[in-house]
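Below, each chain spelled out in residue letters.
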Amino acid sequence: MEALYALCVGVLTTCGIFLTLRGRTFPVVMGITLLSYAVNLFLFSSGRLVLNGAAILGVSNHYADPLPQALVLTAIVIGFAMTAFVVILAMRARADLGNDHVDGRPPIDSGRNEHRKDRP
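Remember, it's a predicted structure, so these values are computed and weren't measured experimentally.

1. A look at the packing of helix 1 (residues 2-20) against helix 2 (residues 25-45)
So, point 1. Helix 2 packs onto helix 1 with a crossing angle of 155 degrees between their chain directions and a minimal axis gap of 7 Å. One finds that helix 1 runs roughly antiparallel with respect to helix 2. Like other packed secondary-structure pairs, helix 1 and helix 2 cross with a definite hand, here left-handed.
So, point 2. Across the contact of helix 1 with helix 2, the residue classes break down as 17 nonpolar, five polar and no charged.

2. A word on a nonpolar patch on the surface
So, point 1. Together, Leu-4, Leu-7 and Val-11 make up an exposed nonpolar region whose accessible area comes to about 290 Å².
So, point 2. Mapping Leu-7 onto the fold places it in helix 1.

3. Comments concerning the pattern of salt bridges
So, point 1. Following the criterion strictly, the structure yields two salt bridges and no others.
So, point 2. Close ionic contact of Asp-100 with Arg-24 constitutes a salt bridge, the shortest N to O distance being 2.5 Å. In this pair, Asp-100 sits in the segment after helix 3 (66-97) while Arg-24 sits in the loop between helix 1 and helix 2, placing the two residues 76 residues apart along the sequence.
So, point 3. Residue classification places Arg-24 among the partly exposed positions, given a relative accessible area of 41%.
So, point 4. The partner of Arg-92 in a salt bridge is Asp-96, and the shortest N-O contact between them spans 3.0 Å.

4. Description of helix 3
So, point 1. The first and last C-alpha atoms of helix 3 sit 46 Å apart over 32 residues, in line with the 46 Å expected at 1.5 Å per residue.
So, point 2. Those residues of helix 3 that are buried are in contact with helix 2.
So, point 3. Backbone geometry just after helix 3 places Gly-98 at a positive phi near 85 degrees.

5. As for the confidence of the model for the chain
So, point 1. Across the chain, the average pLDDT comes to 81, with 78% of residues at or above 70.
So, point 2. For the chain, helix 3 is the element with the lowest average pLDDT, namely 88, and helix 1 is the one with the highest, namely 93.

6. A word on helix 2
So, point 1. Look at helix 2: 30 Å from first C-alpha to last across 21 residues, which is about the 30 Å you get at 1.5 Å a residue.
So, point 2. Within helix 2, burial applies to Thr-25, Val-28, Val-29, Gly-31, Thr-33, Leu-34, Ser-36, Ala-38 and Asn-40.
So, point 3. Turning to helix 2, the residues buried within the fold contact helix 1 and helix 3.

7. Remarks on the packing of helix 2 against helix 3
So, point 1. One way to put it is that helix 2 packs onto helix 3 with a least axis distance of 9 Å and a crossing angle of 175 degrees. Between helix 2 and helix 3, the crossing angle belongs to the class labelled roughly antiparallel. Judged by residue contacts, Thr-25, Val-29, Ile-32, Thr-33, Asn-40, Leu-43 and Phe-44 of helix 2 engage Pro-68, Gln-69, Leu-71, Val-72, Ala-75, Ile-76, Met-82, Thr-83, Val-86, Val-87 and Ala-90 from helix 3.
So, point 2. For the contact of helix 2 with helix 3, the class distribution of residues is 13 nonpolar, five polar and no charged.

The rules behind these values
- Residues numbered from 1 in each chain as written.
- Predicted model: local features only at pLDDT ≥ 70, side-chain atom pairs only at ≥ 80, totals over all residues.
- Heavy atoms only, no water.
- Axes fitted to C-alpha atoms, helices over the stretch in contact; angles between N-to-C directions.
- Helix = DSSP H or I, 4+ residues; strand = E, 2+ residues; numbered from the N terminus.
- Parallel < 35°, antiparallel > 145°, perpendicular 65-115°, else oblique.
- Left-handed = near helix turned anticlockwise from the far one by under 90°.
- Nonpolar A, V, L, I, M, F, W, Y, C, P; charged D, E, K, R; others polar.
- Patch = residues over 30% accessible without salt bridge, like charges linked within 9 Å, V, L, I, M, F, W, Y side chains within 5 Å.
- Areas by Shrake-Rupley, 256 points an atom, 1.4 Å probe, with all protein chains shown as cover.
- Salt bridge = Lys/Arg side-chain N within 4 Å of Asp/Glu carboxyl O.
- Buried < 20%, exposed > 50% of the residue type's maximum accessible area, 1.4 Å probe, protein only.
- Expected span 1.5 Å × (residues − 1).
- Contact = heavy atoms within 4.5 Å.
- pLDDT = per-residue confidence, 0-100.

So, in C-alpha cells, the structure goes:
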C-alpha cells in the first residue's frame, strides 16, 4: 500500500514538473495543479495513514492525526485560489500579447523550413 501511494506521488510530481517546463501557459497551469495534488498527497501521508482510526480521544485504541487533514484541506483551498488566479493571469497575457507562450514570444523556427527557402 505504501509503495503504491509513493508511486502515485512520484508520478504526479514527475508529470507536474514535465508540464511546468512546457512553453505554453495551459500546460504550465496543469503542471502546477498536478504538483499541488502531489504535495497534498504527501502531506496527507505524513499523518501515518491509519484505517478505522478515530480523531477523538477515548473513542478507539487507534488514533488518526487530524493535523495533516487540516493542512491538506487548507492547501486545497489555497491551490484552487492560486489556479484561478493563474488562469485569469494567463487569459490576460493572451489578450495583451496575442499568444499564449510563457515568455510572450513564439519560439524561433530554427531549421524546420530551410528546404523551403527557395520557394516563394
